[in-house]
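Structure at a glance
Residue strings, one per chain:
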Amino acid sequence: MKLTRRNFLAWAGLGAVGAVACEGFGIRRGELNIQSPVRLPEDLVRGNDNWYASLCRTCPSCEGIVVRVMEGRAKKIQGNPLYPINQGKTHARCEAGLQALYHPDRIPSPMRRSGPRGSGQFLPVSWQPTGMDSLRTALQARGSSSVMITEPLRGHLGLLADRFASAIGGERLGFETLDNNTYRAAIKNVFQQDSLPDFDLENSRFILSFGADFLSTWVSPTRFSRGYGEFRQGADRDRGMFYQIDSRFSMTAANSDKWLPVRPGWEGHVALSLAQVIVSEGLQAPGVDVDALVGDEAGIQSLNRFRPEVVAPSAGLTSEMTGGDPVDFLRNLARSFARTRPSVAIGGGSAGAQSNGLFSLEAIYALNYLVGSVGVKGGVKFNPDSPWDGVPASSKVGNLEDWTRITEQIRSGQTKMLMLHGADPIHGLPESLRLRDAITQSEDLFVVSFSPFLDDTSAMADLILPDRVYLEDWGDDISEPGPGYQIIGMQQPVVNPLPDLDPLSFPDVLLTMAQELGRESQLPWANYKSMLREGSDALFALNRGSIEAASADEFWNQLLRRGGWWDEGSKGPAIVQAPSGLLGNIASKASDPDFGGIGFGSDSYYLVPFAHNSLLDGFNGHLPWLQSAPDPLSTVTWQTWVELNDNTADRLGVKEGDIVRIESSKDSIRAVVYPTPAAPPDVIGVPLGQGRRHGSDYATDRPGTESSNVMDILETTLVKDTGSLAWAGTRVRVSKTGESVSISKLEGNARAVEIGLTPAEEIIKTISPENS
Amino acid sequence: MMPSGKMLPLMVAGGIVTVILGFVVVVLLISWFSNPPFGLGNAPAQPVAFPHSVHVADNNIQCEFCHRNVTKGAAATVPAVEQCLFCHQEIDGATTSAQTEIEKVRTAFETDQPINWERVHRLPDHVRFIHEAHIRYFTDETIPVKYGINGEEITQSPDVAQTCTICHGDVGTKTVVQPKAGQSLKMGTCLDCHRNNSVSTDCTICHK
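Reading the values: rules and limits
- Residues numbered from 1 in each chain as written.
- Chains lettered and ligands numbered in written order.
- Predicted model: local features only at pLDDT ≥ 70, side-chain atom pairs only at ≥ 80, totals over all residues.
- Heavy atoms only, no water.
- Helix = DSSP H or I, 4+ residues; strand = E, 2+ residues; numbered from the N terminus.
- Buried < 20%, exposed > 50% of the residue type's maximum accessible area, 1.4 Å probe, protein only.
- Contact = heavy atoms within 4.5 Å.
- Areas by Shrake-Rupley, 256 points an atom, 1.4 Å probe, with all protein chains shown as cover.
- Rg over C-alpha atoms; globule rule 2.2 N^0.38 Å.
- Lys, Arg positive; Asp, Glu negative; His and termini not counted.
- Charge placed at Lys NZ, Arg CZ, Asp CG, Glu CD.
- Buried area = accessible area lost by both parts, 1.4 Å probe.
- Salt bridge = Lys/Arg side-chain N within 4 Å of Asp/Glu carboxyl O.
- Nonpolar A, V, L, I, M, F, W, Y, C, P; charged D, E, K, R; others polar.
- Phe/Tyr/Trp six-rings, centres within 6.5 Å; stacked < 30°, edge-to-face > 60°.
- Lys NZ or Arg CZ within 6 Å of the ring centre and 35° of its normal.
- Patch = residues over 30% accessible without salt bridge, like charges linked within 9 Å, V, L, I, M, F, W, Y side chains within 5 Å.
- 1 Å grid on protein atoms, 1.4 Å probe; cavity = no way out; pocket = protein on both sides within 12 Å on 5 of 7 lines; lining within 4 Å.
- Points joined across faces, edges and corners; volume = space filled by probe spheres on them.
- Polar contact = N/O pair within 3.5 Å; in protein donor to acceptor, adjacent residues only side chain to side chain.
- Arc of directions from axis to C-beta.
- Pairing = 2+ DSSP bridges.
- Axes fitted to C-alpha atoms, helices over the stretch in contact; angles between N-to-C directions.

1. Examining the overall build of chain B
Counting secondary structure elements, chain B contains 9 helices and 3 strands. Dimensions along the principal axes, computed over C-alpha positions, put chain B at roughly 80 × 50 × 25 Å. Each of the 208 residues in chain B was classed as buried or not, and the buried ones make up 28%. Contacts spanning at least 24 positions in sequence make up 60% of the contacts within chain B whose residues lie at least 6 apart. When the accessible surface of chain B is summed, it comes to about 12,900 Å², and 63% of that surface belongs to carbon and sulfur atoms.

2. Remarks on the overall build of chain A
Scanning chain A for helices and strands turns up 25 helices and 27 strands. At 31 Å, chain A has a C-alpha radius of gyration in line with the 28 Å of a compact globule built from 772 residues. Seen through its C-alpha atoms, chain A measures out along the principal axes to roughly 135 × 70 × 60 Å. Of all 772 residues assigned to chain A, the portion counted as buried reaches 60%. Taking the contacts inside chain A whose residues are at least 6 apart along the sequence as the reference set, 73% of them involve residues at least 24 apart. Computing the positive centroid from 72 side-chain charges and the negative centroid from 92, chain A places the two 6 Å apart.

3. Brief notes about the interface of chain B and chain A
In this assembly, 26 residues from chain B lie in contact with 19 residues from chain A. Taking both sides of the interface into account, the surface hidden between chain B and chain A amounts to around 2,200 Å²; carbon and sulfur atoms contribute 58%. On inspection of chain B and its partner chain A, the count reaches 0 salt bridges. Per-element tally for the side of chain B that touches chain A: the top contributor is helix α1 (residues 7-34) of chain B, with 5 residues. For the side of chain B that touches chain A, the per-class residue count stands at 15 nonpolar, 5 polar and 6 charged.

4. Describing the packing of aromatic side chains
Residue and element names in this part refer to chain A. On inspection of all chains with the given rule, the structure shows 29 aromatic pairs over all chains. Ring centres of Y243 and F329 lie 6.0 Å apart, and the angle between their planes is 25°; this geometry places the pair in the stacked category. Here Y243, found in strand β11 (residues 241-245), pairs with F329, found in helix α14 (residues 326-339); they are 86 residues apart in sequence, far enough to count as distant. This pair shows no difference in class: Y243 is buried, exactly as F329 is. Taken together, Y183, F191, F199, F214, W218, F224, Y228, F231, F242, Y365, Y369 and F382 form an aromatic cluster joined through their ring pairs. Above the ring of F610, the side-chain terminus of R248 is found at 3.3 Å from the ring centroid. The residue whose ring lies beneath R731 is Y606, and the NZ or CZ to ring-centre distance is 4.4 Å.

5. Considerations on a nonpolar patch on the surface
Residues and elements named next belong to chain B. A cluster of nonpolar side chains, L8, V12, I16, I20, F23, V24, V27 and L28, forms an exposed patch at the surface whose accessible area comes to about 750 Å². Mapped onto the elements, L8 comes out in helix α1. Its relative accessible area of 47% is what places L8 among the partly exposed residues.

6. Details of the environment of P84(A)
Residues and elements named next belong to chain A. Tracing the backbone through its elements, the reader meets P84 in the loop between β4 (73-79) and α2 (92-95). The class of P84 is buried, set by a relative accessible area of 6%. Considering only alpha carbons, one finds P84 and S479, 395 residues apart in sequence, at a separation of 9.8 Å. With sequence-adjacent residues up to four places away left out, P84 is seen in contact with R223, P483, Y485, I487 and W566.

7. Quick word on empty space enclosed by the protein
Residue and element names in this part refer to chain B. Here the structure, examined in full by the defined rule, presents 5 cavities of 30 Å³ or more. The space that makes up the second largest cavity amounts to roughly 80 Å³. Lining the second largest cavity are 12 residues, and of these N35, P36, P179, Q183 and L185 sit closest to its centre. When grouped by side-chain class, the residues that make up the lining of the second largest cavity number 4 nonpolar, 6 polar and 2 charged.

8. Observations regarding the side chain of S570(A)
All names here are of chain A. With respect to the element layout, S570 can be found in strand β20 (residues 564-571). There is a polar contact of 2.7 Å between the side chain of S570 and the side chain of R544. Of the polar contacts made by the side chain of S570, one reaches the side chain of D567; its length is 2.8 Å. Each residue touching S570, except ones within four places of it in the same chain, is listed here: P384, G484, Y485, Q486 and R544.

9. Points about helix α7 (residues 160-168) of chain B
Residue and element names in this part refer to chain B. Those residues of α7 that fall on the buried side of the exposure criterion are V160, T163, C164 and I166. Taken around the axis of α7, the buried residues stretch over an arc of 145°, which confines them to a single face. Buried residues belonging to α7 abut α3 (63-66), α6 (131-138) and β3 (153-154). Downstream of α7 by a residue or two, G169 has a phi angle that is positive, lying close to 75°.

10. Description of the sheet that holds strand β18 (residues 475-477) of chain A
Residues and elements named next belong to chain A. Strand order across the open sheet formed by 3 strands is β18-β19-β20, with antiparallel pairing between neighbours. Edge strands, defined here as strands with exactly one partner in the open sheet, are β18 and β20. Strand-to-strand, the axes of this sheet are offset by a mean angle of 10°, without reference to chain direction. Two strands pair when backbone bridges link them, and strand β19 (residues 485-491) and β20 are joined in this way by 5 bridges, in the antiparallel orientation. In the strand pairing of β20, Q486 is matched with D567. In the packing of helix α20 (residues 528-542) onto the sheet, contacts are made with β18, β19 and β20, and the angle to β18 comes to roughly 45°.

11. A word on the pattern of salt bridges
Residue and element names in this part refer to chain A. Here the structure, examined in full by the defined rule, presents 41 salt bridges over all chains. Between K745 and E656 there is a salt bridge, and its shortest N-O distance comes to 3.7 Å. Of the two residues, K745 is situated in the loop between β27 (730-740) and α25 (759-766) and E656 in the loop between α24 (646-652) and β24 (658-663); the sequence distance between them amounts to 89 residues. K745 sits in the buried class, given a relative accessible area of 17%. Residues participating in the shared-partner salt-bridge network are E431, R434, R436, D456 and R693.

So, in structure tokens, the structure goes:
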């Protein structure tokens, strides 16, 4: 195109129009802002929250919790500040309870087995008619030869389950992998108490603990941890002294002033050597009748067999451990324990899990009589009976003899129906018991599981009727151990199940079945809530305790609002008379620990299994928060590790992350090596909790990791006189596999260094008799 | 001269039609020019001179760290001031000018004042654009071949940051953000890209 004057003017005009249009019709600057808010939108909360009091069910101690609920969804779990057991504190386990509620692997509706038993193949069915009809038919045909296996149950659910089992002519047994039967028996024999005692750590000045990992997993760790905090740092008091005598360096041992790594199974002998020193040097508390406690001449002679000179070498104590002569150490320890009153001796865990576990625990608890710490401030405190007559206040569980019998009954066809709730005995019993095989091969057995999650035993079920999880259901608890006075905890449904889930409350299913089978006379309640309400009315009628109410309705509301009822005026017995000649009798029946299996060859080690800090025995294995919660000492997550002494690891030629085979006479497992200077050279520690074959992906073996179940290799040695499994009574060999994985733990290494005389040792020396 | 009686209704009707058409034309023009045509968009002045180059190219911060919603929903979103303080509570800036700009952010947080940025990329109100769907498509490794905004063939699935550059250009290396040079983000661009990738061009896919 020829550039003429006319064309130039035309293009110039078009350009001007275009420029005007662009600017004129465009959006003006400043009219379209995009704003950075000051606060993160994720942090802005809309709506109102409600906090409901209830109970945690992620461990047997059943702590009081409050749950934050927003718009029908539970968001946060914290400790109930009113509840006397934990007083607002919680363990990490409690907080992970939310994950059970929203877990992707929850069983959404009833299921029926569609493949071979144990294949894990199920098809969904409806509650009505299929699920309930199948259950009713099975109960009618097989109820009289049924066994119901549950978690340890206390309170009204325990009453209901027992009555139901009785009504249909069956049997109920509580299951706990690391049962407390030996501990209970020791408490009964030493203190004549049926319920577990409380320990007044808060007011104690000296704690002597044998094997009890009471700050992590043993009995009621949150309560004990709170008391321990006061014991160490409480206002207006001196810092308490704490010795841990334990074959493994546990989290509790790590908190102690002195950890004494005694040879496994010799804790009772050490306790009696301390008793011998106290008696022979007359260090007992004022008013303690030593003659009555030790008994006649035979008792004195029995006790004298436990002089420190005799016990120290047998118990494997060396001068490296004690920072001097072990005999002097034991003597000084006995003197300090006796003089730093109030002092308290605690025993449990692996100390009671040997063939001589009952003897050991009796010897340990008998020490409390010598130092005058029975029923007093800063010592052992006893709990009263339940305020409810006939309602079980103690969660008694079966022992290994019971499970051997049940397994044989299943194998022989005598047991025709198995009901499971909150228990996974296949995972939690030694593999050599062959419970898995017995259930798989028993053709005439009908297995019903009420578990909301699949596990090793539920995978064997013919019918799964999923229960509600505890945040969706009613419940109660008679705390065990209590705080020294009567206490009832209440659990209420804080949310409804999500719309895509269709669980039914286990106790309501039992009550429905009882009605349909014509057993209303034994189980007269319309539903579980009405049963609990009846319990509430009974408490109201007592007219005492923490709730003042004008009517039963008001009392019920207050009971739910506070998360329980307690009466600080209804205490346990303050005075407990020691059985005559107690120490002498215990000394006379002392025995060495029995380690069956592979023997004491130079290539074998003591195996000390221990409850995982968050997974416990595997009960919480399906909760990813708890899988990923680092172990307090090793920081390992998601795996089964084996704690090996550095020198032992060097001798075996393994390093961190190597996979080793741990072999007993029964079987072998694989575990990832975690070398630590804190493991005794002849002891290996392996946590429980992993190695499930069925269930949630979070709980079962995962690619690229090693997660084995240490229960698979345990010898079936029994604790004498209790029939419980001596789960710390196994010796094993360790061998390289040549394989290695990355161990999932926090970065960095905390290595032990020589720091010379510890402050604790300094104090012991200072307060020994010659200096005191 | 007054119009005759016969002309008056015609003139009134013509006036009304002219006004309506004029309104329609103005609306269309505003709509057209509100998104700069032919890739002629420039960089507006911003209240804080935020250099993407320092954050992305130099310090490897992912796009979605600040634009938190970009892989989750429709809008990419700009970060909250609180998020800037995640780092700039400690990081003061290497130059005096950087320190001045960072101080503006800190002041905004302390005085509880939001920062009003000038929008660089925008689409008309009647258009619905979902960032998440587009990032999901381009990062999908199961789709062997995809085509970019100008028809370029993409055989290796890009990551999120690379996907952003398809429409926005290499923002991560720029100290000042402006539309991708020579790139119009108009309806034709959208349609071409949808056709190249065999994605529906139904009106309701994009128009509200």
